[in-house]
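Next come the chains, spelled out residue by residue.
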Amino acid sequence: MANVVVVGAQWGDEGKGKIVDWLSERADVIARFQGGHNAGHTLVIDGKVYKLSLLPSGIVRPGKLSVIGNGVVLDPWHLVGEIAKLRGEGVEITPDNLMIAENAVLILPLHGELDRARESHNAVAKIGTTGRGIGPAYEDKVGRRAIRVADLADEATLALRVDRLMVHHDALRRGLGIEPIDREALLAQLREIAPQVLPYAKPVWKVMNEMRKAGKRILFEGAQGALLDIDFGTYPFVTSSNVIAGQAATGTGIGPGAIGFVLGIVKAYTTRVGEGPFPAELKDADGERLGERGREFGTVTGRKRRCGWFDAVLVRQTCATSGVSGIALTKLDVLDGFETLKICVGYDLDGERLDHLPIAADQQARCTPIYEELEGWSESTAGARSWADLPGAAVKYVRRIEELIQCPVALLSTSPERDDTILVTDPFED
Ligand code: IMP
């Protein structure tokens, strides 16, 4: 039996929700290990739709322990709001089924303000963030001036932390033309929210290790996608955390040996939200068609996603950096009806063929995709539940992807319905 890490293997929005839900049904513990409420997961359970952005997907299932690890940046007001919303939908949330790492960093209102001010101030600095303060909160974490969950328990510590934060932030705010931080107002806000967060605060590392020893099944639920990873993504157009599978260990306080199977979620084509390089992007009718058929609009910001052909070079790269054991391929049905399909199999950089995306921004900009053309299919693949249900050309497309990314398909998802899945390898049993 293996513990499973689920990571997005592209730029996020690969359709993790359905897969994570399917796996969380069989897990005992579901842990988030990075990101924050920049994520957007939609779950459909017994016809009921739940939208989550900060809480782990296990929260909607009775009897599961949901964990927010230290690698997450936590907006306490958003947390309380999301809990209240789900309770209103009949979901029970108590300190018995939700646990938050005491050493997780808080996102404060000033982080969101800074994020949005930077994004709107200057086109050169624009990343296309979700505007939720994720980046500024992580900056304060590594800058050793963040407020952490445990700090909420002690008034004196909290005041010291706020003073430390103000030295840095007031200077920044002056430069951006934002009024200085109102110390007393911020302290009052924190004092007010503290009793609503503290009951969930626990030494997550300890509980995770106890769970592991007790043989509980742990599902590590990644957010965003590996190409948004702070180290291995398309920097600087990335999110501010490590997104790749290794972060599951660091972001919850469990050793890397606890990770058994790494499931990479891969969409049958490519999308990205926000700015940044996207070699296989389509700015033509095919791109529009992918966006329409795939309903490619952001769940958090509602932004239209950029669309392109499947880029095997990038997915091969993310499968390597996350040590992906098998992929879950999603949204194959969006490709139904295309006469021909293209897969990016390499890049041309100044006449030289590359098998990976170079790091240097100028080189990335000069990379042009080298495509391989495959025959499309006119039949519908939506709802297929076995390989025999798929047209031959669709099977060829999937097999070619496996060859190119050097990683097998563990699961093929053919519609948002949970049973419309072809299971090749069960990640928990592998
Ligand atoms: P941030 O995470 O809000 O700082 O945004 C940084 C980049 O990550 C932007 O390009 C966002 O569009 C992208 N991003 C953040 N969260 C998600 C997500 O859940 N799905 C897809 N893209 C995301």
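Small disclaimer: the values here were computed from a predicted structure and weren't measured. (Residues numbered from 1 in each chain as written. Predicted model: local features only at pLDDT ≥ 70, side-chain atom pairs only at ≥ 80, totals over all residues. Heavy atoms only, no water.)

Draft legend 1. Quick look at unusual backbone geometry. Following Tyr 235, the chain continues to Pro 236 via a peptide bond in cis, the omega torsion being 5°. A positive phi angle, near 60°, is found at Lys 331, a position not held by glycine. Relative to the assigned elements, Lys 331 resides in the loop between β15 (326-330) and β16 (340-349). Under the relative-accessibility criterion, Lys 331 is labelled partly exposed at 22%. Even without glycine at this site, Gln 406 takes up a positive phi of about 60°. Locating Gln 406 in the fold gives a position in the loop between α12 (392-405) and β19 (409-413). Note on Gln 406: relative accessible area 64%, which makes it exposed. (Helix = DSSP H or I, 4+ residues; strand = E, 2+ residues; numbered from the N terminus. Buried < 20%, exposed > 50% of the residue type's maximum accessible area, 1.4 Å probe, protein only.)

Draft legend 2. Structural detail: the UniProt feature "active site" in the protein. The UniProt record marks Asp 13 and His 41 with the feature "active site", using the residue numbering of this structure. Spanning 29 residues, the named residues form one tight spatial group whose C-alpha atoms are at most 8.7 Å apart. Within the secondary structure, Asp 13 sits in the loop between β1 (4-8) and α1 (16-24). What Asp 13 contacts, discounting residues up to four positions off in sequence, is Lys 267, Thr 271, Val 273 and Arg 305. Position of His 41 among the secondary structure elements: in strand β3 (residues 41-45). Given a relative accessible area of 7%, His 41 falls into the buried group. (UniProt positions renumbered as here; feature names shortened; annotations may be inferred. Contact = heavy atoms within 4.5 Å.)

Draft legend 3. Examining helix α10 (residues 312-322) more closely. Within α10, eight of the eleven residues are buried, which leaves it mostly tucked inside the rest of the structure. Taken residue by residue, α10 has Ala 312, Val 313, Leu 314, Val 315, Arg 316, Thr 318, Cys 319 and Ser 322 as its buried positions. Among the structural elements, β1, β11 (261-267), β14 (310-311), β15, β16 and α12 are those in contact with the buried residues of α10. Where α10 begins, one side-chain oxygen reaches toward the backbone nitrogen of Val 313, 3.0 Å away; that side chain belongs to Asp 311. Where α10 ends, the next residue or the one after it, Gly 323, has phi of about 60°, a positive value. (Polar contact = N/O pair within 3.5 Å; in protein donor to acceptor, adjacent residues only side chain to side chain.)

Draft legend 4. Here's a closer look at the nonpolar core. With 98 residues, the main nonpolar core has Leu 332, Leu 335 and Tyr 397 as its most contacted residues. Of all the elements, α12 adds the most residues to this core, at seven residues. Ignoring sequence-local partners within four residues, the contact set of Leu 335 consists of Ala 268, Tyr 269, Leu 290, Leu 341, Trp 377 and Tyr 397. Core analysis: the next-biggest nonpolar cluster, separate from the first, contains 17 residues, Ala 2, Val 6, Leu 23 and Ala 27 among them. (Core = buried A, V, L, I, M, F, W, Y, C linked by side-chain atoms within 4.5 Å.)

Draft legend 5. Just helix α3 (residues 109-121), in detail. An ideal rise of 1.5 Å per residue puts 18 Å on 13 residues; α3 measures up with 18 Å between its terminal C-alpha atoms. Every buried residue belonging to α3 is among Leu 110, His 111, Gly 112, Leu 114, Asp 115, Ala 117 and Glu 119, and all of these are buried. Along its buried surface, α3 packs onto β8 (105-106), α4 (134-142), α5 (155-176) and α6 (183-197). (Expected span 1.5 Å × (residues − 1).)

Draft legend 6. Structural detail: the site of the ligand. Taken together, the neighbourhood of the ligand is formed by 15 residues, with Asn 38, Gly 128, Thr 130, Thr 239 and Arg 303 sitting nearest. Contacts to the ligand include Gly 128, whose backbone N or O atom sits 3.4 Å from an oxygen atom. Measuring from an oxygen atom of the ligand, one finds a side-chain N or O atom of Thr 239 at 2.6 Å. Considering the ligand on its own, with 470 Å² of exposed area, one finds that the protein chains cover 95% of that surface. When the residues that make up the shell around the ligand are grouped by side-chain class, the tally is six nonpolar, seven polar and two charged. (Near = heavy atom within 4 Å. Areas by Shrake-Rupley, 256 points an atom, 1.4 Å probe, with all protein chains shown as cover. Nonpolar A, V, L, I, M, F, W, Y, C, P; charged D, E, K, R; others polar.)

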